[in-house]
Amino acid sequence: MTETTANAMWGGRFAAGPDAIMEAINASIGFDKRLAKQDIEGSRAHAAMLAATGILSDSDVAAIREGLLTVLSEIEGGGFQFSTALEDIHMNVEARLKQVIGEPAGRLHTARSRNDQVATDFRLWVRDQADAAIQGLEALMRALLRQAEQGADWVMPGFTHLQTAQPVTWGHHMMAYVEMLARDRSRFADARARMNESPLGAAALAGTSFPIDRHMTAAALGFDRPMANSLDAVSDRDFALEFLAAASICAMHLSRFAEELVIWSSAQFRFVRLSDRFSTGSSIMPQKKNPDAAELIRAKIGRILGANVALLTVMKGLPLTYSKDMQEDKEQVFDAADTLMLALAAMEGMVRDMTANREALEQAAGSGFSTATDLADWLVRVLGLPFREAHHVTGTLVAMAEQAGVDLPELSLAQMQSVHPGITQDIFAVLGVHNSVASRTSYGGTAPAQVRAQIARWKEMLP
Ligand code: ARG
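Conventions adopted
Here the residue numbering is sequential within each chain, running from 1 through the sequence in written order. Since the coordinates come from a predicted model, pLDDT governs what is reported: local features require at least 70, and pairs of side-chain atoms require 80 or more to be given and counted, while whole-chain, interface and lining totals use all residues. Calculated side-chain values reflect all of the structure's heavy atoms, with hydrogen atoms and water omitted. UniProt positions are given in the numbering used here, feature names are shortened, and annotations may be inferred rather than shown by experiment. What counts as a helix is a DSSP run of H or I of at least four residues, what counts as a strand is a run of E of at least two, and both are numbered from the N terminus. Burial here depends on accessible area, computed with a 1.4 Å probe over protein chains only, as a share of the maximum for the residue type. Under 20% is buried, over 50% is exposed, and the range in between is partly exposed. It is the directions from the helix axis to the C-beta atoms that the arc portrays. Contacts are assigned to residue pairs that have any heavy atoms within 4.5 Å of one another. The axes are straight lines fitted to the C-alpha atoms, using for helices just the contacting stretch, and the angles between their N-to-C directions are given from 0 to 180°. Helix crossings are classified by the rotation of the near helix relative to the far one: an anticlockwise turn of less than a right angle makes the crossing left-handed, while a clockwise turn makes it right-handed. Residues were grouped as follows: Ala, Val, Leu, Ile, Met, Phe, Trp, Tyr, Cys and Pro as nonpolar; Asp, Glu, Lys and Arg as charged; and all remaining residues, including Gly, as polar.

An unreviewed UniProt entry annotates the protein as Argininosuccinate lyase originating from Roseicyclus persicicus. The record in UniProt for the protein states the following under Subcellular location (unreviewed entry): "Cytoplasm". Turning to the protein, the UniProt annotation filed under Pathway (unreviewed entry) states: "Amino-acid biosynthesis; L-arginine biosynthesis; L-arginine from L-ornithine and carbamoyl phosphate: step 3/3."

Next up, the structure:
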């Protein structure tokens, strides 16, 4: 084993440096370099506060704040040399600051610990991702609104059990996803509001004896207030878990829609045509156009849900306060956030580009006895039959049509009357799919007028 030198940041009581394996398992710089911007933002706010409270001199703090900007531009320019021996982003930045400005760099860590530092950096990062998720959702909602507007009165089959149930409108189906995504949006907004408290100044776990101003750093970083309990501040990762929970539900929604697009774009359905830009070909079957983006969106929820479970598992056994286990929070969240943003963007592109096949939708809307409920409702409304009896009469008619190999509107009046003599010619009006959807005017129903009202409401509400 080679003797290495002790860590320059915390090596005071160490005679030797870590084993190479220790260094490998301990280092987080390989991934937490993604927190560089937030780390430097947090350090600059902390330094400004140390000057304002007289804990450090103005000249030291000016050098620190300026030097941190230099380090940031080195990192953003790609010229920064990250060191595994320096473990993480916090110590990499501080060590470089020392090289750039010398002695004042060693004063930056006054009244602070890496525990409150990492909690702050990570919160800032997740907060940005919540904002990005909200933006991605709004873009997708706008794309769905455009589809809904175009086909507010196009008819298609509505399904239960993936069996034809009742005719609905294309616009109504698109707007169902707008509602789902709107709940996702409000979940991210909720999580963001709750996470927007500053851990900075909790120090290692107990607070500090220096006369710091936590309200000042909280405000500088755009937080609503400092967290009220220092133990909670350094040990809480609820903000990341809430983000992952919201992301999981959102990804589940995207996956359901992706599943529909896979089905709808098949030759058997032909409900939609996906654009060339969002499909792929087969290397052997020249006729194929595959909905790969939809399939990948459907699959990617696994990573997001996995991250959620993984972080809950990391956290569930930890006594207060910080344990190094918590370093395992970042990669999961990074990957889940990247995955979600990509899935949102891909879905937005697919929806923006796709063309609904109005004729195929309409043809399918009328098949499968989809207006049987309308028939039963007519028997109730016009002949005064109890619904149960109307259901039975309709069932008999459906069986008759099925036997004859025709759809309900193709039965003759005489055939209808053989099942119930009270039926008149008027009944044929309700058997058409357009009449069927137009009649569903109850609030939230599929009637084009209702759908247009919902579209107008959302266009008003979306920025
Ligand atoms: N790299 C560490 C992490 O991500 C930073 C905090 C280290 N704190 C400590 N007490 N060792 O969690």
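### Focus on the UniProt feature "domain: Argininosuccinate lyase C-terminal" (unreviewed entry) in the protein
When the UniProt feature table is mapped onto this chain, "domain: Argininosuccinate lyase C-terminal" (unreviewed entry) is found at residues 369-438. Annotated as 67% helix and 0% strand, the span residues 369-438 places its first and last C-alpha atoms 17 Å apart.

### As for helix α13 (residues 358-366)
Given 3.6 residues to a turn, an α-helix orients residues that are three or four positions apart in the same direction. Of all the residues in α13, the buried ones are Ala-360, Leu-361, Ala-364 and Ala-365. All buried residues of α13 project into a common sector of 140° when viewed along the axis, lining one side. Counted as exposed and oriented over 90 degrees from the buried face of α13: Glu-359 and Gln-363. Those residues of α13 that are buried lie in contact with β1 (155-160), β2 (163-169), α7 (170-195), β8 (355-356) and α18 (433-439). Of the residues trailing α13, Gly-368 is marked for its positive phi of about 75°.

### Some points on unusual backbone geometry
The amide bond that connects Leu-320 to the next residue, Thr-321, takes the cis arrangement and shows omega of 5°. With respect to the helices and strands, the residue Thr-321 is situated in the loop between α11 (292-315) and α12 (329-353). In the Ramachandran plot, Glu-87 falls in the positive-phi region, its phi being about 65° despite a non-glycine side chain. Inspection of the secondary structure puts Glu-87 in the loop between α4 (58-76) and α5 (89-101). Despite not being glycine, His-161 has its phi angle at roughly 55°, a positive value.

### Comments concerning the packing of helix α10 (residues 238-264) against α12
Relative to each other, α10 and α12 sit at 30°, their axes nearing to 10 Å. Here α10 runs over α12; the crossing is left-handed. Here α10 contributes Ala-240, Phe-243, Leu-244, Ala-247, Cys-250, Ala-251, Leu-254, Phe-257, Ala-258 and Leu-261 to the contact with α12, which in turn contributes Val-333, Ala-336, Ala-337, Leu-340, Met-341, Ala-343, Leu-344, Met-347, Met-350 and Val-351. Here the residues of the contact of α10 with α12 sort into 20 nonpolar, no polar and no charged.

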